[in-house]
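Architecture and fold: a report
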Amino acid sequence: MMPEHTINIENTEILSNNWYTLKKVTFQIIKDNGETEVQIREAYDRGNGAAILLYNINSKNVILTRQFRLPTYINGNSTGFLIEACAGVLDNDNPEDCIKRETEEETGYKISKLEKIFEAYMSPGSVTELLHFYIAEYADDMKVNEGGGLKEEGENIEVLEINFEKAIEMIVSGEIKDAKTIMLLQHLLIKNLV
C-alpha cells in the first residue's frame, strides 16, 4: 500500500489559455516521515473526455477514424495522421451524452445503447484528462449521415470500417498507435465480443 502524503498547493500560474489551459503549479508534499519537499510541475488541462469503439458482431468489423494530429507530426509521425476510436471532450456534457453526440458527428452512426467499460488517465504525468471508455454495437441502419466531424471545429475525419482481426494486426504492425484505440480493441479481444 502506498503511503499517504499531504499536498499543499502553494501557487498556480496560467502559462497558456489558448486551446486549453497549461498551468505551472508549485506544491509542497509532506511525506509520512514528516519530510517536506517543494516541487514545480506543469499540467495541461484539456478537460475530461470519452471514447467509444463501435463493433458489429455479424460482419466482424469495427468503426475507426483517421485524422491529422499535430502533436504526433511534430514528434516524428511523418504524415501526422492517426487511426483512432471515436472520442471527444466532455465540455459541459455527461460522458454518455458526449460520446453519443461525438459518435454521430464523427462516424455518422446514431447509437442509443452503449456500455461503459472503464475510466483511465491517459497521460497522468502531464495531462489532467480522465477518459471514459465505451463500446457499442452498430448496424448499417444506424447510419444517419456521412460523419467526418464538424467543419466549424476544424475537423476533417475519415470514417473507416475495418475487419476486427485486421485492426488487431494493425496494432502489431504499428499502423494503429493511439492508446485509447489499442485499449478498446484489446477489450473486445479479451471479452471475445467480435
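Our structure's up above, just so we're on the same page.
Residues numbered from 1 in each chain as written. Predicted model: local features only at pLDDT ≥ 70, side-chain atom pairs only at ≥ 80, totals over all residues. Heavy atoms only, no water.

1. Section: the overall build of the protein chain
- From N to C terminus, the protein chain includes 4 helices and 10 strands.
- Reading the protein chain from its N end, one meets helices and strands in the order β-β-β-β-β-α-β-β-α-β-β-β-α-α.
- Its C-alpha atoms put the protein chain at 60 × 40 × 35 Å along the principal axes.
- Relative to its 194 residues, the protein chain shows a buried fraction of 39%.
- Taking all contacts inside the protein chain whose residues are at least 6 apart in sequence as the whole, residues at least 24 apart take part in 55%. (Helix = DSSP H or I, 4+ residues; strand = E, 2+ residues; numbered from the N terminus. Buried < 20%, exposed > 50% of the residue type's maximum accessible area, 1.4 Å probe, protein only. Contact = heavy atoms within 4.5 Å.)

2. Regarding a nonpolar patch on the surface
- There is a patch of nonpolar side chains on the surface, built from Phe68, Leu70, Tyr73, Ile74 and Phe81 and spanning about 530 Å² of accessible area.
- With respect to the helices and strands, Ile74 occurs in helix α1 (residues 70–74).
- We classify Ile74 as exposed; its relative accessible area is 66%. (Patch = residues over 30% accessible without salt bridge, like charges linked within 9 Å, V, L, I, M, F, W, Y side chains within 5 Å. Areas by Shrake-Rupley, 256 points an atom, 1.4 Å probe, with all protein chains shown as cover. Salt bridge = Lys/Arg side-chain N within 4 Å of Asp/Glu carboxyl O.)

3. Some words on the nonpolar core
- Counting residues in hydrophobic clusters, the biggest one holds 26 residues, and the most contacted among them are Leu53, Val62, Leu64, Ile176, Leu184, Leu185 and Leu188.
- Elements with a minimum of two residues in this core: β4 (49–56), β5 (61–68), β8 (115–121), β9 (130–137), β10 (158–163), α3 (164–173) and α4 (179–191).
- It is α3 that provides the largest number of residues to this core, a total of 5 residues.
- Those residues in contact with Leu188 that sit more than four places away from it in its chain are Leu53, Tyr55, Val62, Ile135, Phe164, Leu193 and Val194.
- Among the nonpolar cores identified, the runner-up in size contains 15 residues, and Ile52, Cys86, Leu90 and Ile111 belong to it. (Core = buried A, V, L, I, M, F, W, Y, C linked by side-chain atoms within 4.5 Å.)

4. Structural notes on α3
- Burial in α3 covers these residues: Phe164, Ala167, Ile168, Met170 and Ile171. Down the axis of α3, the buried side of the element spans an arc of 155°, and every buried residue falls inside it. Across α3 from its buried face, at more than 90 degrees, point the exposed residues Glu165 and Val172.
- Looking at the buried residues of α3, the elements they touch are β5, β6 (81–84), β10 and α4.
- If you check the start of α3, you find a side-chain oxygen 2.9 Å away from the backbone N of Glu165, and it comes from Asn163.
- Of the residues flanking the end of α3, it is Gly174, one or two places downstream, whose phi is positive at about 90°. (Arc of directions from axis to C-beta. Polar contact = N/O pair within 3.5 Å; in protein donor to acceptor, adjacent residues only side chain to side chain.)

5. What about the environment of Glu35?
- By the secondary structure assignment, Glu35 is in the loop between β2 (21–30) and β3 (36–45).
- On the basis of relative accessible area, Glu35 is assigned to the partly exposed category, the value being 40%.

6. Describing the sheet that holds β2
- Spatial strand order, β1-β2-β3: 3 strands in an open sheet with antiparallel pairing. A strand with exactly one partner marks an edge of an open sheet, and here the two such strands are β1 (6–16) and β3. Pairs of neighbouring strands in the sheet enclose a mean axial angle of 20°, with direction left out of account.
- In this sheet, β3 lies alongside β2 in antiparallel orientation, the contact comprising 10 bridges. Paired with Ile29 across the bridge in β3 is Glu37. (Pairing = 2+ DSSP bridges. Axes fitted to C-alpha atoms, helices over the stretch in contact; angles between N-to-C directions.)

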